[in-house]
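Listed here are the chains, written in short residue letters.
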Amino acid sequence: MSKLLEVKDLKVSFDTYNGEVQAVRGVSFDLDKGETLAIVGESGSGKSVTSMALMKLLAGQGFIKEGQVLLEGVDLVKKSEKEMQKIRGKDISMVFQDPMTSLNPTMKIGNQIMEGLIKHQNMNRENAKKRAIELLNQVGIPQPEVRMNQYPHQFSGGMRQRVVIAIALACNPKVLIADEPTTALDVTIQAQILELMKEIQKEVDSAIIFITHDLGVVANVADKVAVMYAGKIIEMGTVDDIFYNPKHPYTWGLLGSMPTPDSTDEELYAIPGTPPNMLKPPVGDAFAPRNEFALEIDTVMEPPMFKVSDTHYAATWLLHPDAPNIEPPETVKQRMQGFANTGRKDGDK
Amino acid sequence: MTRYILRRLWYMFITLFIIATVSFFLMKMLPGSPLNAEDKLSESQKQIVLEKYGLNDPVPVQYAKYMGGLVKGDLGISFAFDNTPVTDILVDRIGPSALLGFQALVVGTLLGILLGLTASIFRNGPLDYTSTTIAVLGTSIPSFVFAGLLQYVFAVKLGLLPVALWGEFKHTILPTIALAIHPMATAARFTRTEMVEVLHSNYITTARAKGVTESGIIWKHGLRNALIPLVTVIGPMAVSLMTGSMVIEQIFAIPGIGEQFVTSVMVNDYPTIMGTTLMFAFLFVAIILVIDLLYGLIDPRIRLAGGSK
Ligand SMILES: Nc1ncnc2c1ncn2[C@@H]1O[C@H](COP(=O)(O)OP(=O)(O)OP(=O)(O)O)[C@@H](O)[C@H]1O
Ligand SMILES: [Mg+2]
């Protein structure tokens, strides 16, 4: 059987005054029902642009330059805007980063949830209302009947994010994209929202694409991880692959730079340098200038995806049979072990 | 909420008191006297007239007398129209001014919203530039120039509408248009700016992600949020209409308050000047109050804040 979602060689650019910004440069991944894929990477690596491209909601002068987005075998890239309006909110929906601004301030919460139901499921107002109350219940909002008639400013940040999740879930989407859904929230609320998303995952069986900076969150919620750098996925694998057997020096850097509960500041590792300018992506491996393990070939030729195992791929020349055998630096190794351990413990709770 | 309104009414009263005081003394500094035109009178006759109207009293005494009357709702007797109380003159004249102002405000705001909305939807296209040009012309060209143009084209050349005077609906058309240009331009610019900002906001992306159609985005999610702040400029717009009306009423010979004010200043008819000034001031503060209350009604965020006070 074919996959629920297959993204093939997706390329997204923005036309700007200075030229074409190549934000996403060939991203491929696939996703099964009930699976959670985490996309991680530094700021500007193209995570949000990728997710907006899946919904064909690119801002400004953004456009899909190449590639396919196959949802149950149907290519969304070829769909017209009118057709996409029937797909958005029904088959694919999205939870955004900032719950404080992602709800319409002058529309009642109830109406904002009911809108999609009325549109996509042809419900009358009465049924839509019942379903909306049900949804508010499901995302853990007390007194849903009262809350239905309130406005966003009457909700706290965490509550708003629950409402946004309710809106996204309204029509039982096949794919739910969450773009840093907990970044704007404080730590305890973050944990609650993550817990909620995991529960929902079990109940509705949507596939989830979870975008985050936070590798701690990844260990907690994801099945698969895609690591993005400069508009490409440079390493892809199961959570275990990425945490116990990372192959790309950039992934090493990310793991080394994530704090864990028992780490001190001095131990934290920072990847040197800054990401490349996407107006002129470099030749060769885009990460090479920041990579202490870069080989000569990195500056001339881009590494292909090397297969590590059936689930695990990484784009680094270090995996070439002729490459010298390089191990992650000892500090990073320790950090990633400690980090993975705490992640596991959380996950087992 | 009631306490809030009461407090606002109290401020309104203070404001009017200050305006009355300041304009009373400013008016006394106007050059000339009410008797300028009557040079035929002998010196002793003049004295009798001045005595009769209390104009020989020291200014502070005149002020005290005037304010005393004002508290009782007595605005004095006009110098120019023998023995007509100023209140009667105002009551007589408020009708045309109010009608004109209201028509201009409604027409101007609605057209302006439409213009600004079109511009924001077709951002950076020809329609946007056209609408921006209209808005810029509308703000920078004074309304009396439009008035003259309108009279020339529609009344003199085409003979479609009367040049001036008052009485039927057709008399109101040209002055309404002339007056509406300013509010229209303001509303157009404001709506465009707000709408462009709203369309870029996160909740619009949320709505799009729900599958809301383009028309739903604009009418249901966009416009309402863009128009709420417009309510705040309706106050200043109404005020600029009042000042505009002084000239426009003069040009179209409309028996309104603006025209009365201009005539009264010419002849130093003190009580009428004071009366019209206070009338304008009252309308001004009343409009601001109504707008503020209205704003609270249509913006749920403010509604709550007001309610919990
Ligand atoms: N509207 C736009 N116009 C031009 N360039 C854009 C636009 N939106 C994004 N980009 C570019 O696309 C690249 C990827 O941005 P994106 O928002 O996907 O990053 P991200 O991985 O989501 O980062 P963050 O973690 O900060 O959210 C950046 O280099 C950015 O400059
Ligand atoms: Mg982002």
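On a predicted model such as this, the values are computed, not experimentally measured, just so you know.

On to the overall build of chain B. When helices and strands are tallied, chain B shows 13 helices and zero strands. Secondary structure elements of chain B occur, N-terminal to C-terminal, as α-α-α-α-α-α-α-α-α-α-α-α-α. Across its three principal directions, the C-alpha atoms of chain B cover 85 × 60 × 30 Å. Looking at chain B as a whole, 45% of its 309 residues qualify as buried. Sequence-distant contacts, at least 24 apart, represent 72% of the contacts inside chain B between residues at least 6 apart. When the accessible surface of chain B is split by element, carbon and sulfur atoms take 71% of a total near 16000 Å². Taking the 22 positively charged and 19 negatively charged side chains of chain B as two groups, their mean positions are separated by 13 Å.

All names here are of chain A. For chain A, the domain assignment lists domain 1 (5-222) and domain 2 (241-342). On a C-alpha basis, the centroid separation for the pair domain 1 and domain 2 is 29 Å. Together, the buried faces of domain 1 and domain 2 total about 1200 Å²; carbon and sulfur atoms form 65% of this surface. Its salt-bridge partner being arginine 290, residue glutamate 42 comes within 2.9 Å of it at the nearest N-O pair. For the pair domain 1 and domain 2, the number of links is three residue pairs in polar contact (both at pLDDT 80 or more). The set of elements that each furnish at least two residues to the side of domain 1 that touches domain 2 consists of strand S2 (19-31) and helix H8 (215-221).

Looking now at the packing of helix H4 (residues 86-121) of chain B against helix H12 (residues 270-298) of chain B. Residue and element names in this part refer to chain B. It is at 10 Å that the axes of H4 and H12 come closest, and there the two elements cross at 50°. By the criterion of interaxial angle, the relationship of H4 to H12 is oblique. Like other packed secondary-structure pairs, H4 and H12 cross with a definite hand, here right-handed. In this structure, H4 uses Val86, Ile89, Leu90 and Ile94 to contact H12, whose residues at the interface are Pro271, Thr272, Gly275, Thr276, Met279 and Leu283. Considering only residue class, the contact of H4 with H12 consists of seven nonpolar, three polar and no charged.

Residue and element names in this part refer to chain A. Ranked by internal contacts, the top residues of the largest apolar core, which has 60 residues, are Ile113, Val163 and Ile165. A total of eight residues in this core trace back to one element, the largest contributor, which is helix H6 (residues 157-169). In terms of domain composition, this core takes at least three residues from each of domain 1 (5-222) and domain 2 (241-342).

Right, let's get into the site of ligand 1. Residue and element names in this part refer to chain A. Inspection of the region around ligand 1 gives 13 residues, with Ser43, Gly44, Lys47, Ser48 and Val49 positioned closest. Between ligand 1 and the protein, one listed contact pairs an oxygen atom with a side-chain N or O atom of serine 43 at 2.4 Å. The contact in question runs from an oxygen atom of ligand 1 to an N or O atom on the backbone of valine 49, over 2.8 Å. About the coverage of ligand 1: the protein hides 68% of its 630 Å² of free accessible area. For the shell around ligand 1, the secondary structure elements donating two or more residues are strand S1 (5-16) and helix H1 (47-55). Examining the composition of the shell around ligand 1, we find that three residues originate from one element, H1, more than from any other.

Residue and element names in this part refer to chain A. Phi is positive for glutamate 72, close to 50°, though the residue is something other than glycine. Positionally, glutamate 72 belongs in the loop between strand S4 (62-71) and strand S5 (74-75). Even without glycine at this site, alanine 230 takes up a positive phi of about 45°. In this structure, alanine 230 sits in the loop between strand S9 (224-229) and strand S10 (232-238).

Chain A puts 26 residues into the contact, and the matching count from chain B is 20 residues. Between chain A and chain B, a total of about 2000 Å² is buried, with carbon and sulfur atoms accounting for 59% of that surface. The largest contributions to the chain A side of the interface with chain B come from A:Thr106, A:Glu115 and A:His153, which together make up 27% of the buried area. Remark: the boundary between chain A and chain B carries two salt bridges. Close ionic contact of A:Glu115 with B:Lys210 constitutes a salt bridge, the shortest N to O distance being 2.8 Å. For the interface between chain A and chain B, the tally reads 13 residue pairs in polar contact (both at pLDDT 80 or more). With five residues, helix H3 (residues 109-120) of chain A is the largest single contributor of residues to the side of chain A that touches chain B. Of the residues belonging to the side of chain A that touches chain B, the class tally is 11 nonpolar, 11 polar and four charged.

This part is about the packing of aromatic side chains. Inspection of the entire model under this criterion finds 10 aromatic pairs over all chains. The interplanar angle of 20° and the centroid separation of 5.8 Å between the aromatic rings of B:Trp10 and B:Phe13 together place this pair among those described as stacked. One end of the pair, B:Trp10, and the other, B:Phe13, are both in helix H1 (residues 2-28), three residues apart, so they sit about a helical turn from each other. Three or more aromatic residues joined by ring pairs form one cluster here, namely B:Phe24, B:Phe25, B:Tyr63 and B:Tyr66. It is A:Arg147 that lies over the ring of A:Phe155; its NZ or CZ is 4.3 Å from the centre.

Analysis parameters
- Residues numbered from 1 in each chain as written.
- Chains lettered and ligands numbered in written order.
- Predicted model: local features only at pLDDT ≥ 70, side-chain atom pairs only at ≥ 80, totals over all residues.
- Heavy atoms only, no water.
- Helix = DSSP H or I, 4+ residues; strand = E, 2+ residues; numbered from the N terminus.
- Buried < 20%, exposed > 50% of the residue type's maximum accessible area, 1.4 Å probe, protein only.
- Contact = heavy atoms within 4.5 Å.
- Areas by Shrake-Rupley, 256 points an atom, 1.4 Å probe, with all protein chains shown as cover.
- Lys, Arg positive; Asp, Glu negative; His and termini not counted.
- Charge placed at Lys NZ, Arg CZ, Asp CG, Glu CD.
- Domains from an automatic or database assignment.
- Buried area = accessible area lost by both parts, 1.4 Å probe.
- Salt bridge = Lys/Arg side-chain N within 4 Å of Asp/Glu carboxyl O.
- Polar contact = N/O pair within 3.5 Å; in protein donor to acceptor, adjacent residues only side chain to side chain.
- Axes fitted to C-alpha atoms, helices over the stretch in contact; angles between N-to-C directions.
- Parallel < 35°, antiparallel > 145°, perpendicular 65-115°, else oblique.
- Left-handed = near helix turned anticlockwise from the far one by under 90°.
- Nonpolar A, V, L, I, M, F, W, Y, C, P; charged D, E, K, R; others polar.
- Core = buried A, V, L, I, M, F, W, Y, C linked by side-chain atoms within 4.5 Å.
- Near = heavy atom within 4 Å.
- Phe/Tyr/Trp six-rings, centres within 6.5 Å; stacked < 30°, edge-to-face > 60°.
- Lys NZ or Arg CZ within 6 Å of the ring centre and 35° of its normal.

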